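So the chains spell out like this:
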Amino acid sequence: MATTALTKDNFEQTVTGDGITLVDWWAAWCGPCRAFAPVFEKASDKHPDITFGKIDTEDQPELAGMAQIMSIPTLMAFRDGVLVFSQPGALPESALEEVIKAVRDLDMDDVRKQVAAQQAQN
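Along each chain, residues carry numbers from 1 onward, in the same order as the chain's sequence is written. A pLDDT threshold of at least 70 governs which residues receive local features in this predicted model, and a stricter bar of 80 or more applies before side-chain atom pairs are shown or counted, although totals over entire chains, interfaces and linings include all residues. Only heavy atoms go into the side-chain values, all of them from the structure, while hydrogens and water stay out.

Some words on the nonpolar core
Part 1 of the reasoning: Among the nonpolar cores identified, the biggest contains 17 residues, and Leu22, Phe52, Leu75, Leu96 and Ile100 are the most heavily contacted of them.
Part 2 of the reasoning: The helix count covers DSSP runs of H or I at least four residues long, the strand count covers runs of E at least two residues long, and both are numbered beginning at the N terminus. Every element with two or more residues in this core is listed here: β2 (20–26), α2 (31–46), β4 (74–79) and α4 (93–105).
Part 3 of the reasoning: In terms of residue count, α4 provides more of this core than any other element does, five residues in total.
Part 4 of the reasoning: Two residues form a contact once any of their heavy atoms are found within 4.5 Å. Once residues within four sequence positions are removed from consideration, Leu22 is found in contact with Phe40, Ile50, Thr51, Phe52, Gly53, Leu75, Met76, Ala77, Leu96 and Ile100.
Part 5 of the reasoning: Ranked by size, the runner-up nonpolar core spans 15 residues in total, among them Val15, Val23, Trp25 and Leu63. In this text, buried Ala, Val, Leu, Ile, Met, Phe, Trp, Tyr and Cys residues form a nonpolar core when linked through side-chain atoms within 4.5 Å. Think of it in three bands: residues with accessible area under 20% of the maximum for their type are buried, residues over 50% are exposed, and the middle band is partly exposed, with areas taken using a 1.4 Å probe on protein chains only.

Some details on the pairing of β4
Part 1 of the reasoning: Counting buried residues along β4, six of its six residues qualify, which places the element largely inside the surrounding structure.
Part 2 of the reasoning: Burial along β4 is two-sided: the face carrying Thr74, Met76 and Phe78 and the face carrying Leu75, Ala77 and Arg79 are both buried.
Part 3 of the reasoning: A pair of strands is labelled paired if DSSP reports no fewer than 2 bridges between them. Direction of pairing for β2 relative to β4: antiparallel, over a ladder of six bridges. Bridge pairing in β4 places Trp25 opposite Thr74.
Part 4 of the reasoning: Between the antiparallel neighbours β4 and strand β5 (residues 82–88) lie two residues, among them Asp80 with a positive phi of about 50 degrees.

Digging into the packing of α2 against α4
Part 1 of the reasoning: At a minimum axis distance of 10 Å, the contact between α2 and α4 shows a crossing angle of 45 degrees. Accordingly, the angle class assigned to the pair α2 and α4 is oblique. The element α2 and its partner α4 pack so that their crossing is right-handed. Two secondary-structure elements touch here, α2 through Phe36, Val39, Phe40, Lys42, Ala43 and Lys46 and α4 through Glu93, Leu96, Glu97 and Ile100.
Part 2 of the reasoning: The residue makeup of the contact of α2 with α4, split by class, is six nonpolar, no polar and four charged. Note on definitions: angles span 0 to 180 degrees between N-to-C directions of axes, and those axes are lines fitted to C-alpha atoms, for helices only across the stretch in contact. Under this scheme an angle from 65 to 115 degrees is roughly perpendicular, one under 35 degrees roughly parallel, and one over 145 degrees roughly antiparallel; angles in between are oblique. In this scheme the crossing of two helices becomes right-handed for a clockwise turn of the near helix relative to the far one and left-handed for an anticlockwise turn of less than a right angle. When residue character is reported, Ala, Val, Leu, Ile, Met, Phe, Trp, Tyr, Cys and Pro are called nonpolar, Asp, Glu, Lys and Arg charged, and the others, Gly included, polar.

Describing the packing of aromatic side chains
Part 1 of the reasoning: The rule is short: rings of Phe, Tyr and Trp, with Trp giving its six-membered ring, pair when the centres are within 6.5 Å, and they are stacked under 30 degrees, edge-to-face over 60, tilted in between. This model, assessed by the stated rule, comprises four aromatic pairs.
Part 2 of the reasoning: With 5.1 Å between their ring centres and 75 degrees between their planes, Phe40 and Phe52 make a pair best called edge-to-face. Of this pair, Phe40 sits in helix α2 while Phe52 sits in strand β3 (residues 51–56); the two residues are 12 residues apart in sequence, bridging distant segments of the chain. Each member of the pair, Phe40 as well as Phe52, is classed as buried.
Part 3 of the reasoning: Taken together, the ring pairs in this structure connect Phe11, Trp25 and Phe78 into an aromatic cluster.

So, the pattern of salt bridges
Part 1 of the reasoning: Whenever Lys or Arg places a side-chain nitrogen within 4 Å of a carboxyl oxygen from Asp or Glu, that contact is recorded as a salt bridge. The final tally for this structure, using the stated rule, is six salt bridges.
Part 2 of the reasoning: Here Lys101 ties to Asp105 by a salt bridge, and the two come within 2.5 Å at their closest N and O atoms. On the criterion of helical spacing, the pair formed by Lys101 and Asp105 is a turn pair, its members being four residues apart in helix α4. Here Lys101 and Asp105 have matching classes, each one exposed.

In structure tokens, the structure reads:
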């Protein structure tokens, strides 16, 4: 499965759906972003059940600002509409596979309870 270009028009709909969505925040001028791109693309081919999205921070500055992107590349993982992982930096293939496995293994009922408890405190 190829990656999907995400914009402010399709971002929310994409990440709030069921299943897993991985989002790569990048820019063309960013060397680490260019190094991570083939790793991300290879993972998209290996995991056709996951949505892989890419957001060009130069093209989508408003979206990058709303997501508080301070460093690129940044990888975000959403599962069933919940942000469950966010980390700046290019990952090697093995680390990306570990993230995917961890996101797959999450107990989403437990995650939703934790999110609800956190929101109740705020």
